[in-house]
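Single-letter residue listing:
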Amino acid sequence: MKRVFVLLVILFSVGFSKNLFELGQEAYGKGDYQKAAKLWQKACDDGNTGGCSGLGFLYANGEGVSQDYQKSAQFYQTACDGGNAGACHNLGVSYVNGQGVKQDYQKAAKFYQMACDNGELSSCYSLGLLYTNGQGVKQDYQKATELYKKACDGGEIAGCHYLGIFYERGQGVKQDYQKAIQLYQRACDEGESTSCYRLGALYENGEGVEQNLSTAKKYFSKTCSLGFYLGCDSYKKLNKKDR
């Protein structure tokens, strides 16, 4: 899954700077990125962490300003230091990808932890990935499971998908196909293509459920419609078997 920046801000400022931030949001929503950049710069200068975080997002994506990952990371750092969980998450992403900063998984884990502790669920899931892969932290499937569960319980569908993988494989938890299927179903219903694909594979192979090629085809078809090409291939192969 792609690690992506999120434009999530937590406002602690009030008054004029907050109005500037909100005006910047309106401008961004209308596609006027240059105006958003000017307004968020003023808000950031006035101490609004949302403005700083917004600027970081604009510089990361080259919207309204020339793309500059170093400036992006600097603005995320300023906002994170001010308690903005979304900015801490984005700073973690910067360290994972080595954009604007030297790639450093330990620092990424630090910022993901800060953001996760402050309610940024995408950071909980992202930190779970680091514990799964042993990047910047000691590999720990149980810790990863806890983080995926926290993310999933809060509505972060990627957390549900990876928790499903753990239950399917018995990593960090006792293997339980039924729980895996429940988690995959929840994520699939929300448009998580890889979860739909895993459901198709389980039904195709009769793992945890009675083998049902018709149901497998249904999930592979949905996977394909969501743009995951492996689902298209699997759907075609099952169609050939039916002939």
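Structure: see above.
Notes on the structure follow.

Here is what the cut-offs are and how they apply
- Residues numbered from 1 in each chain as written.
- Predicted model: local features only at pLDDT ≥ 70, side-chain atom pairs only at ≥ 80, totals over all residues.
- Heavy atoms only, no water.
- Axes fitted to C-alpha atoms, helices over the stretch in contact; angles between N-to-C directions.
- Helix = DSSP H or I, 4+ residues; strand = E, 2+ residues; numbered from the N terminus.
- Parallel < 35°, antiparallel > 145°, perpendicular 65-115°, else oblique.
- Left-handed = near helix turned anticlockwise from the far one by under 90°.
- Contact = heavy atoms within 4.5 Å.
- Nonpolar A, V, L, I, M, F, W, Y, C, P; charged D, E, K, R; others polar.
- Disulfide = S-S within 2.5 Å.
- Buried < 20%, exposed > 50% of the residue type's maximum accessible area, 1.4 Å probe, protein only.
- Phe/Tyr/Trp six-rings, centres within 6.5 Å; stacked < 30°, edge-to-face > 60°.
- Expected span 1.5 Å × (residues − 1).
- Polar contact = N/O pair within 3.5 Å; in protein donor to acceptor, adjacent residues only side chain to side chain.
- Salt bridge = Lys/Arg side-chain N within 4 Å of Asp/Glu carboxyl O.

Section: the packing of helix α3 (residues 49-61) against helix α4 (residues 69-81)
In a packed pair of helices, the relevant descriptors are the angle between the two axes and the axis-to-axis distance. α4 packs onto α3 with a crossing angle of 160° between their chain directions and a minimal axis gap of 8 Å. With respect to α4, the element α3 is oriented roughly antiparallel. Between α3 and α4 lies a crossing of left-handed hand. Residues Thr49, Cys52, Ser53, Leu55, Gly56, Phe57, Tyr59 and Ala60 of α3 form the contact with α4, whose own contacting residues are Tyr69, Lys71, Ser72, Phe75, Tyr76, Thr78 and Ala79. Broken down by class, the residue content of the contact of α3 with α4 amounts to nine nonpolar, five polar and one charged.

Some details on the state of the cysteines
The final tally for this structure, using the stated rule, is six disulfides. Here Cys80 connects covalently by a disulfide to Cys88, the sulfurs 2.1 Å from one another. An S-S torsion of about 95° defines the bridge between Cys80 and Cys88 as right-handed. For Cys80, a relative accessible area of 4% puts it in the buried group. We classify Cys88 as buried; its relative accessible area is 4%. Bridging Cys116 to Cys124, the disulfide has an S-S length of 2.2 Å. A torsion of 100° about the S-S bond marks the disulfide between Cys116 and Cys124 as right-handed. By sequence-ordered numbering of the bonded cysteines, the chain has its disulfides arranged as 1-2, 3-4, 5-6, 7-8, 9-10, 11-12.

A short note on the packing of aromatic side chains
Here the structure, examined in full by the defined rule, presents 14 aromatic pairs. Between Tyr28 and Tyr33, the ring centres sit 5.0 Å apart and the planes meet at 50°, which makes this aromatic pair tilted. By way of ring pairs, the aromatic residues Phe21, Tyr28, Tyr33, Trp40 and Phe57 are connected into one cluster.

Observations regarding helix α11 (residues 193-205)
The periodicity of an α-helix, 3.6 residues per turn, causes residues three or four places apart in sequence to face the same way. In a regular helix each residue adds 1.5 Å, so 13 residues correspond to 18 Å; α11 covers 19 Å between its end C-alpha atoms and thus fits that length. Of all 13 residues in α11, 10 are buried, a share of seventy percent or more. Among the residues of α11, Ser193, Thr194, Ser195, Cys196, Tyr197, Leu199, Gly200, Ala201, Leu202 and Tyr203 are the ones counted as buried. Among the residues trailing α11, Gly206 stands out with phi positive, at a value near 65°.

Quick look at helix α8 (residues 141-153)
The terminal C-alpha atoms of α8, which comprises 13 residues, lie 18 Å apart, in line with the 18 Å expected from a rise of 1.5 Å per residue. Those residues of α8 that sit buried are Ala144, Thr145, Leu147, Tyr148, Ala151 and Cys152. Each element contacted by the buried residues of α8 is listed here: α6 (105-117), α7 (121-133), α9 (157-169) and α10 (177-189). Sitting at the amino-terminal end of α8 is Asp140, which places a side-chain oxygen 3.1 Å from the backbone nitrogen of Gln142. Looking one or two residues beyond α8, the residue adopting positive phi is Gly155, at roughly 100°.

A few points about the pattern of salt bridges
Tallied over the entire structure, the rule returns two salt bridges. A salt bridge links Glu168 to Arg198; the shortest N-O distance between them is 2.4 Å. One end of the pair, Glu168, is in helix α9; the other, Arg198, is in helix α11, and 30 residues separate them in sequence. A relative accessible area of 10% places Glu168 in the buried class.

Keep in mind that these numbers describe shape and distance, not what the molecule does.
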